[in-house]
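Listed below, chain by chain, are the residues.
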Amino acid sequence: MAHATPSPGPALAGLAPVVDERTRILVLGSFPGAASLAAQQYYAHPRNLLWPILSALTGEPLAALPYDERLPRLLAHGFGLWDVLGACEREGSLDSAIRKPAANDFARLRELCPLLETVGFNGQTSGKFAPQFAAAGYRTLVLPSTSPAHASLTLAQKLAQWKALLAPGSR
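These lines cover the structure that appears in this document, whether it is placed above or below.

## A word on the sheet that holds strand β1 (residues 11–13)
For step 1, the next point in the chain: Taking strand neighbours across the sheet as the criterion, the 3 strands line up as β1-β4-β5 in an open arrangement whose pairing is antiparallel. This sheet does not close on itself; its edge strands, each paired only once, are β1 and β5 (99–103). Neighbour-to-neighbour, the strand axes of the sheet open up by a mean angle of 15°, direction not taken into account.
For step 2, the next point in the chain: As paired strands, β1 and strand β4 (residues 85–89) are joined by 3 bridges and run antiparallel to one another. Looking across to β4, one finds that Ala-11 is bridged to Glu-89.

This is how it looks when you write it as structure tokens:
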């Protein structure tokens with residue numbers, strides 16, 4: 001009797017992009033983790049360092065604000081958030097567990113974000129999309145993951161690399 005290979009999990013849908021016509025810097029993660037999907041909030045895991053890093057980059061206490069107040073403040077500073085994957089199958093939150101990935105449709109980015117210049121990739125998994133964005137004329141940076149699963153660098157070490165998002169760059 002043949003045994004079926006178990007599916008890695010149900011099909012999951014990602015979160016809508018947080019962008020507007022002022023977005024100059026887009027941070028692209030891979031796919032929301034379980035805590036983020038459950039909360040329907042980007043970077044909802046309490047140990048994820050994205051919000052403390054963005055707080056430092058914008059000079060605002062974003063990490064201390066309620067989520068629905070963070071997003072307009074983030075957008076006001078020209079930052080946007082999205083993920084490279086719009087759907088996948090996965091058990092847990094690790095990128096290594098992603099199966100059947102489906103990329104987001106980035107064709108509308110120029111229309112949605114006419115000022116977009118820089119795309120920062122939050123970790124190596126999303127960073128695999130950097131050549132595609134560079135070919136489209138965007139400045140790209142593959143940055144250390146803010147995930148608590150990637151704790152080999154301190155917050156200060158990660159922040160030092162993430163500050164490159166603010167450096168003026170050519171397209």
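## A closer look at unusual backbone geometry
For step 1, the next point in the chain: Not every positive phi belongs to a glycine, and Gln-40 is a case in point at roughly 55°.
For step 2, the next point in the chain: Its location among the elements puts Gln-40 in the loop between α1 (34–39) and α2 (50–58).
For step 3, the next point in the chain: If you check the backbone angles, Lys-100 has positive phi at about 50° while not being a glycine.
For step 4, the next point in the chain: The topology assignment puts Lys-100 in strand β5.

## Here's the deal with the sheet that holds strand β3 (residues 79–83)
For step 1, the next point in the chain: Spatially, 4 strands are ordered β3-β2-β6-β7 in an open sheet, and the strand pairing comes out parallel. Strand pairing shows two members of the sheet lacking a second neighbour, β3 and β7 (139–143), which therefore form its edges. Going from strand to strand, the sheet's axes swing by 20° on average, the running direction of each strand aside.
For step 2, the next point in the chain: Across 5 bridges, the pairing between strand β6 (residues 118–122) and β7 is parallel. Residue pairing in the sheet places Val-119 in a bridge with Thr-140 of β7.
For step 3, the next point in the chain: With respect to the sheet, α2 is in contact with β2 (25–29), β3 and β6, its orientation differing from that of β3 by roughly 155°.

## A short note on the packing of α2 against helix α7 (residues 155–162)
For step 1, the next point in the chain: At their nearest, the axes of α2 and α7 sit 10 Å apart, and the two run at 55° to each other. Here α2 is positioned oblique relative to α7, judged by the angle of their axes. Crossing handedness for the pair α2 and α7: right-handed. Facing α2, whose interface residues are Leu-50, Pro-52, Ile-53, Ala-56 and Leu-57, α7 presents Leu-155, Lys-158, Leu-159 and Trp-162.
For step 2, the next point in the chain: Broken down by class, the residue content of the contact of α2 with α7 amounts to 8 nonpolar, no polar and 1 charged.

## Comments concerning the layout of surface pockets
For step 1, the next point in the chain: One number sums up the size of the largest pocket: a volume of about 640 Å³.
For step 2, the next point in the chain: Taken together, 34 residues make up the lining of the largest pocket; nearest its centre are Asn-48, Ser-93, Asp-95, Ser-145 and Ser-147.
For step 3, the next point in the chain: Secondary-structure elements contributing two or more residues to the lining of the largest pocket are α1 and α5 (124–127).
For step 4, the next point in the chain: Considering each element in turn, the lining of the largest pocket owes the most residues, 3 residues, to α1.

## A word on the pairing of β2
For step 1, the next point in the chain: Across the 5 residues that make up β2, a large majority, 5, are buried.
For step 2, the next point in the chain: The side-chain alternation of β2 yields two buried faces, one formed by Ile-25, Val-27 and Gly-29 and the other by Leu-26 and Leu-28.
For step 3, the next point in the chain: Alignment of β2 against β3, held across 5 bridges, turns out to be parallel. Pairing of Gly-29 across the sheet is with Asp-83, part of β3.
For step 4, the next point in the chain: As judged from the 4 bridges shared by β2 and β6, these two strands associate in the parallel manner. The partner of Val-27 across the bridge, within β6, is Gly-120.

Scoring rules and cut-offs
Residues numbered from 1 in each chain as written. Predicted model: local features only at pLDDT ≥ 70, side-chain atom pairs only at ≥ 80, totals over all residues. Heavy atoms only, no water. Pairing = 2+ DSSP bridges. Helix = DSSP H or I, 4+ residues; strand = E, 2+ residues; numbered from the N terminus. Axes fitted to C-alpha atoms, helices over the stretch in contact; angles between N-to-C directions. Contact = heavy atoms within 4.5 Å. Parallel < 35°, antiparallel > 145°, perpendicular 65-115°, else oblique. Left-handed = near helix turned anticlockwise from the far one by under 90°. Nonpolar A, V, L, I, M, F, W, Y, C, P; charged D, E, K, R; others polar. 1 Å grid on protein atoms, 1.4 Å probe; cavity = no way out; pocket = protein on both sides within 12 Å on 5 of 7 lines; lining within 4 Å. Points joined across faces, edges and corners; volume = space filled by probe spheres on them. Buried < 20%, exposed > 50% of the residue type's maximum accessible area, 1.4 Å probe, protein only.

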